[in-house]
Amino acid sequence: YIAITIDPSVVLESDYIIRANYNPEDMSKKLLEYLRKNNYKKIGIIKTELFYLNMVYDGLLQEKNQDEEIILIDKFQTYDNDFRSTILKIKNSDVDIVGVFLMGGQISEFYIQAKENSLEIPTFGTDFFDSQAEIDAAKGLMNEVVFANIDVSDDFRQKYQGRFKTES
């Protein structure tokens, strides 16, 4: 049986199940590695209520050090796209950086609204940021934002684009 799932517990009870997907806990560890390297201690998070994003968030909570604080600023449903009140919450907070744990379609909208409301704070994201459509929709506002993802070689990317006509 081959399972495409983000839940790592699926493979614990059987030697005959292969789990093929990202491990959210690995993503959390890589994000914390970056945050620690850059001395971010007070970390704000905004996130869409999605199992995978919840697992990445939970991984941050489980792996954080005593001197690190992770604050859930706001949470959203998959259909939400108005982030103005959240941007105001971020502006009134004292966080050092904000994790933008949103889905495709929401990410670019958040950055556009952040620009419109003069929000200037470092941000980071998840592998949802690895979408050329999302990057294009953000009109340059996602430039230099760090996110954890699986490395993809240029050769593989070209073959994938040629076959499937997408970068997702």
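Residues numbered from 1 in each chain as written. Predicted model: local features only at pLDDT ≥ 70, side-chain atom pairs only at ≥ 80, totals over all residues. Heavy atoms only, no water.

Draft legend 1. Looking closely at the packing of helix α3 (residues 84-91) against helix α4 (residues 107-116). The N-to-C vectors of α3 and α4 enclose an angle of 60 degrees; their axes lie 10 Å apart at closest approach. With respect to each other, α3 and α4 are oriented oblique. Pair α3 / α4 crosses with right-handed handedness. Of the residues in α4, those touching α3 at R84, I87 and I90 are F110, Q113 and A114. Across the contact of α3 with α4, the residue classes tally to four nonpolar, one polar and one charged. (Axes fitted to C-alpha atoms, helices over the stretch in contact; angles between N-to-C directions. Helix = DSSP H or I, 4+ residues; strand = E, 2+ residues; numbered from the N terminus. Parallel < 35°, antiparallel > 145°, perpendicular 65-115°, else oblique. Left-handed = near helix turned anticlockwise from the far one by under 90°. Contact = heavy atoms within 4.5 Å. Nonpolar A, V, L, I, M, F, W, Y, C, P; charged D, E, K, R; others polar.)

Draft legend 2. Up close: the sheet that holds strand β3 (residues 42-48). Taking strand neighbours across the sheet as the criterion, the five strands line up as β4-β3-β5-β6-β7 in an open arrangement whose pairing is parallel. One side of each edge strand has no neighbouring strand; the edge strands of this open sheet are β4 (69-76) and β7 (146-147). Helix-sheet contacts for α3 involve β3, β4 and β5 (97-101), and the interaxial angle to β4 is about 165 degrees. (Pairing = 2+ DSSP bridges.)

Draft legend 3. Representation of the nonpolar core in the model. Membership of the largest hydrophobic core comes to 19 residues, with the highest contact counts inside it found for I46, V100, L102, F110 and Y111. Elements that contribute at least two residues to this core include exactly β4, α3, β5 and α4. A per-element tally of this core places α4 first, with four residues. The residues touching Y111, leaving out its near neighbours within four places in the chain, are V100, T123, F129, L141, M142 and V145. (Core = buried A, V, L, I, M, F, W, Y, C linked by side-chain atoms within 4.5 Å. Buried < 20%, exposed > 50% of the residue type's maximum accessible area, 1.4 Å probe, protein only.)

Draft legend 4. Region of the structure containing helix α1 (residues 24-37). Spanning 14 residues, α1 covers 20 Å between terminal C-alpha atoms, matching the ideal 20 Å at 1.5 Å per step. What α1 keeps buried is the set P24, M27, S28, L31, L32 and L35. The buried residues of α1 all sit within an arc of 130 degrees when viewed along its axis, so they share a single face. Looking one or two residues beyond α1, the residue adopting positive phi is N39, at roughly 60 degrees. (Expected span 1.5 Å × (residues − 1). Arc of directions from axis to C-beta.)

Draft legend 5. Structural detail: the layout of surface pockets. Put simply, the largest pocket is a space of about 330 Å³. Lining the largest pocket are 16 residues, and of these Y111, L119, E120, I121 and L141 sit closest to its centre. The element that contributes the greatest number of residues to the lining of the largest pocket is α4, accounting for four residues. (1 Å grid on protein atoms, 1.4 Å probe; cavity = no way out; pocket = protein on both sides within 12 Å on 5 of 7 lines; lining within 4 Å. Points joined across faces, edges and corners; volume = space filled by probe spheres on them.)

Draft legend 6. The environment of T123, seen in detail. Take T123: it is sitting in strand β6 (residues 123-125). Note on T123: relative accessible area 12%, which makes it buried. Distance in space between the C-alpha atoms of T123 and V146 is 7.4 Å, their sequence separation being 23 residues. Among the polar contacts listed, one links the side chain of T123 to the side chain of Y111, at a separation of 2.7 Å. (Polar contact = N/O pair within 3.5 Å; in protein donor to acceptor, adjacent residues only side chain to side chain.)

Draft legend 7. Quick peek at the environment of I135. Mapped onto the elements of the fold, I135 is located in helix α5 (residues 132-137). Taking relative accessible area as the criterion, I135 reaches 31% and is therefore assigned partly exposed. Sequence separation between I135 and K91 is 44 residues; the distance between their C-alpha atoms is 24 Å. Apart from residues lying up to four places away in sequence, I135 is in contact with F129, G140 and M142.

Draft legend 8. A look at the packing of α1 against helix α2 (residues 51-63). Two elements in contact, α1 and α2, have axes separated by 8 Å at closest approach and are oriented at 50 degrees. Accordingly, the angle class assigned to the pair α1 and α2 is oblique. Regarding α1 and α2, the two cross each other, and that crossing is right-handed. Contact with α1, carried on its side by P24, M27, S28, K29, L31, L32 and R36, involves Y52, M55, V56, G59, L60 and E63 of α2 and no other residues of that element. Tallied by class, residues from the contact of α1 with α2 come to eight nonpolar, two polar and three charged.

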